[in-house]
Structure formats: structure tokens, C-alpha cells
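Residue strings, one per chain:
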Amino acid sequence: MPPMIDRRALIAAIPAATLLSACNGHAQEGGPTAPVPPLKMAAPFAVGTCVSTDSIDDPPLRDLILSNFSQLTAEWQMKMETILKDDGTFAFEKPDAIVDFAGQNSLRVHAHTLIWYAQNPVAFQRIDGKGSAFAAAYRNYIAAVAGRYRGRVVSWDVVNEPVSDEGGTLRDCLWSRNLGMMDYMLSAFHLAREADDQAVLFINDYWLEKRPEKRRAFMHLVEQLLKAGAPIGGIGSQTHLDIGVDPASIKPAIHDLASFGLPIHISEMDISTRFGARNFSSAQDRSAQQARLVHEAVDAFMGLPAHQRFAITMWGVRDSDSWLANPPNPVDLDRPLLFDAEGRPKQAASAFIAALSGR
Ligand code: XIL
């Protein structure tokens, strides 16, 4: 992680005119009228967003990314679905473009993701059940991919979403069936460490705030993996929330997850205004509740010791870019991010900034 500087003192020392010219403009949707400073300038930790090669090729979006974010995650272009071709060979053009762009602009890359139950590529399906061939291809994939980006990414989500939503069981998947439930994870962490001796290795999952029983199962898994010697270096909490989630559920989750003493990554934050909307009668109420949840998450994160604040990553920049805005959800039904479709900071962005300075 980069050396921490006192950004509050830094911001206080910047002449107001300079700060204003670097600002995002005025918050939208009933937010305060004060301009919102660039997120990365205000935060004493890395602030990330997910991107694709299309987003970094889109000038207005690229400018917003460069002014507000200090870390990138590929939304899908570092997953198996992009990298592993049907014939078992690798396609690195897209991930290379993202990693190169980050390097050219001094942004960190958090790489996402090596092993995920939701990715079942043809190249692995073909050897499903073929013991040693499957294990060899697994080793080869992690070695090739983590090895290629060694020294160019700061971290990896090594295992993504291992816990099921109900009942706290571990997900049965292609990887667990072929390699064993604990062994597929243990071995992924060891292989990633062999390929990249520097990257912080994360285990990452979702709904750890709104489903305490899922969080307990996740934490039990982390404990077992650590005991078995897995080189887990950080805990990722995706933080895909919606405005129906109780803001009071956020702090206990961050507090629990931090109890391992490892860095925490709020790794994919978005707050749907569509799900959970029935309790809110106006768009303004929905925005206010979204801002409250963002405030709670950032405030909880700020409550961690500095060495445990790995990053907060937003799952996109503008509402219109969000995966939740994709059909069949028309964009005007969900506004889950910090910037509106025109790139103007929302009330949630002001709340993010306010929480950084304890306001
Ligand atoms: C999502 C992307 O946002 C979509 O564009 C893609 O089609 C599917 O995956 N948890 C994760 C992310 O770990 O990789 C997912 O990203 C969102 C849920």
C-alpha cells in the first residue's frame, strides 16, 4: 500500500481557488450546493472504480475516472470469461489494456478475479472429472494469469463468492467438485502466491452486511483457510446494497470482518435505489437513504486503523454505467452510484466526502 499522507491537512493547505477548479461541481438531487472535491484527493485511502476498455476509451468517463479514482478493477475483463478461450489458450489484450492504462496514469490495479463459482469456461468443462488434467489446467491458469500481472497489480481477488446465500453453506461448483471444497480455495491462494509474491491476496464475497448468517459462514471459512496456511492478505466485502438495507447493519459487519486484523476492501459498492424502494415515496427520499448508507459505509471504514483500510471501490462511476442499469432494468429505475448520468456528483458523493472528515 502507498504511504498514507494526511489528506485532510493537505486539503486544508490547498488554496481554495485551486481546490474549486479541481472540483466535481455541485451535488445533484437535493444535495448540498457545495462543490464536491475529487474523491481521491479527499480520501486517506485508495478509492477505486470498476472499468472496462470501453470506459477508459470514452473521454468524459475517462476524465471522471482520472480525477476521482486512484485504483481500478476490471469489471469483467480479468475474469476467465475474457482471458480463457475455448481452446484453452489465453487472451490478454483487454486486461493488458486496462493494466497499461492504469500504469500510464499512476493508478493502482486491484485484479478481479481468479477463481469464481460463476465462471465455468468451456476449456475447463471439457476436462470436468478428469482428475490430474483438471488440476494441471487449474495450476496453469493461475500461474499464467497471476504471473503475467506480477508487479503491475497491487492485489487479487483470488476466490470470489465462495459462500451461498442461504444456510451458510459453501457453494458447490466446478472447482469444488473437481478439486475438493477446501482444497480448491487453499490451492488457489498458494498458486497465486507462488506466481506473485507481492500482491495482497483477497477472499471476496457479498451481502456480508445484510445477511449476518452469511457473514458468520464467510468468517468461519476465512478462519479455516488461515489455519490451514492459506496466504490470505485481505478481506473483500463487495457491499452491493440497496436502500432497503438497514444502515445500522453496516458498522457491525465492518467491525466483525476487521477482527482478523487484515486489510479490508469495500470492493464493489453500489446502492440500488430500485430494490428496497417501496418504503420510500419520493426520489428525494430514496437519494437521502442512499446517501445515508454511503455515509455509514465510509464512516465505518474510516473507523478502521489506517493499515486495515485497503480501499473503497465503487462498482462503476455514473449511474448510467452501472451493471444494474442494464436491461431489463431501465436506467431511470436505478441510480446506484455516486455520479449521475451526466457525470455530476450526487448527494451520495457529498455523503462520501462528509464521512471522510467525520461530518
Ligand atoms: C458483474 C459485472 O458488473 C457485470 O457487468 C457482469 O456481466 C457480471 O458480473 N459480484 C462480482 C462482480 O464479483 O464480478 C460482478 O460483476 C457483480 C457481482
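Residues numbered from 1 in each chain as written. Predicted model: local features only at pLDDT ≥ 70, side-chain atom pairs only at ≥ 80, totals over all residues. Heavy atoms only, no water.

Enquirer: Break down the packing of helix 12 (residues 212-227) against helix 13 (residues 250-257) for me, citing the residues and quoting the values.
Expert: Running from N to C, helix 12 and helix 13 cross one another at 10 degrees; their axes reach a closest spacing of 11 Å. As judged from the angle between their axes, helix 12 and helix 13 are roughly parallel. Taking contact as the criterion, the partners of R215, F218 and M219 in helix 12 are, on helix 13, P252, A253, D256 and L257. Per-class residue counts for the contact of helix 12 with helix 13 are five nonpolar, no polar and two charged. (Axes fitted to C-alpha atoms, helices over the stretch in contact; angles between N-to-C directions. Helix = DSSP H or I, 4+ residues; strand = E, 2+ residues; numbered from the N terminus. Parallel < 35°, antiparallel > 145°, perpendicular 65-115°, else oblique. Contact = heavy atoms within 4.5 Å. Nonpolar A, V, L, I, M, F, W, Y, C, P; charged D, E, K, R; others polar.)

Enquirer: Any chance you could break down the packing of helix 14 (residues 283-302) against helix 15 (residues 347-356) for me, citing the residues and the numbers?
Expert: Two elements in contact, helix 14 and helix 15, have axes whose closest approach is 8 Å; the angle formed by their N-to-C orientations is 25 degrees. As the angle between them shows, helix 14 and helix 15 are arranged roughly parallel. The crossing of helix 14 and helix 15 is right-handed. Each of S287, A288, Q290, A291, V294, H295, V298, D299 and M302 in helix 14 lies in contact with helix 15, whose residues at this interface are Q347, A348, A351, F352, A354, A355 and L356. Residue composition of the contact of helix 14 with helix 15, grouped by class: eleven nonpolar, four polar and one charged. (Left-handed = near helix turned anticlockwise from the far one by under 90°.)

Enquirer: Report on the site of the ligand, specifying residues and quantitative values.
Expert: Near the ligand the following residues occur: E75, W76, K79, H112, W116, N160, E161, Q238, H240, E268, W315 and W323. Measuring from an oxygen atom of the ligand, one finds a side-chain N or O atom of H112 at 2.7 Å. E268 has a polar side-chain atom sitting 2.8 Å from an oxygen atom of the ligand. Relative to its free-state accessible area of 410 Å², the ligand is covered by the protein chains to the extent of 80%. With respect to the pocket detection grid, the ligand is positioned in the largest pocket. (Near = heavy atom within 4 Å. Polar contact = N/O pair within 3.5 Å; in protein donor to acceptor, adjacent residues only side chain to side chain. Areas by Shrake-Rupley, 256 points an atom, 1.4 Å probe, with all protein chains shown as cover. 1 Å grid on protein atoms, 1.4 Å probe; cavity = no way out; pocket = protein on both sides within 12 Å on 5 of 7 lines; lining within 4 Å. Sits in = over half its atoms within 2 Å of the grid points.)

Enquirer: Tell me about the layout of surface pockets, and please be specific about residues and values.
Expert: In this structure, the largest pocket occupies an estimated 660 Å³ of space. E75, H240, D270, W315 and W323 are the residues nearest the centre of the largest pocket, which is lined by 32 residues in total. Residues that form the lining of the largest pocket fall into these classes: 13 nonpolar, ten polar and nine charged. (Points joined across faces, edges and corners; volume = space filled by probe spheres on them.)

Enquirer: Explain helix 5 (residues 59-68) residue by residue, including any values.
Expert: What helix 5 keeps buried is the set L61, L64, I65 and N68. Across the axial projection of helix 5, the buried residues extend over an arc of 100 degrees, all falling on one side. Buried positions along helix 5 lie against helix 3 (39-42), strand 1 (46-51), helix 4 (53-56) and strand 2 (71-74). (Buried < 20%, exposed > 50% of the residue type's maximum accessible area, 1.4 Å probe, protein only. Arc of directions from axis to C-beta.)

Enquirer: Summarise the environment of N140; cite the residues concerned and give the values.
Expert: Mapped onto the elements of the fold, N140 is located in helix 9 (residues 131-148). A relative accessible area of 45% means that N140 is categorised as partly exposed. Sequence separation of N140 and H112 is 28 residues, and the distance between their C-alpha atoms is 17 Å.

Enquirer: Run through the pattern of salt bridges, naming residues and quoting values.
Expert: Under the criterion given, the structure shown has 18 salt bridges. Residues R171 and D165 are paired through a salt bridge, measuring 3.6 Å at the closest nitrogen-oxygen approach. Among the residues examined, R171 registers a relative accessible area of 12% and is labelled buried. Measuring nitrogen to oxygen at the nearest pair gives 3.1 Å for the salt bridge that ties D319 to K346. Of this pair, D319 sits in the loop between strand 9 (309-314) and helix 15 while K346 sits in the loop between strand 9 and helix 15, and the two are 27 residues apart along the sequence. A single burial state applies to D319 and to K346, both of which are buried. Through salt bridges with shared partners, one network takes in D165, R171, D205 and K214. (Salt bridge = Lys/Arg side-chain N within 4 Å of Asp/Glu carboxyl O.)

Enquirer: Describe the confidence of the model for the chain, with residues and values.
Expert: Averaged over every residue, the pLDDT of the chain is 93; the share at 70 or more is 91%. Low pLDDT (under 50) marks residues 1-8, which in the prediction has 20 contacts with non-local residues, meaning those over four places away or in another chain. Within the model, pLDDT remains below 50 along residues 10-14, and this stretch shows six contacts once partners closer than five positions in the same chain are excluded. (pLDDT = per-residue confidence, 0-100.)

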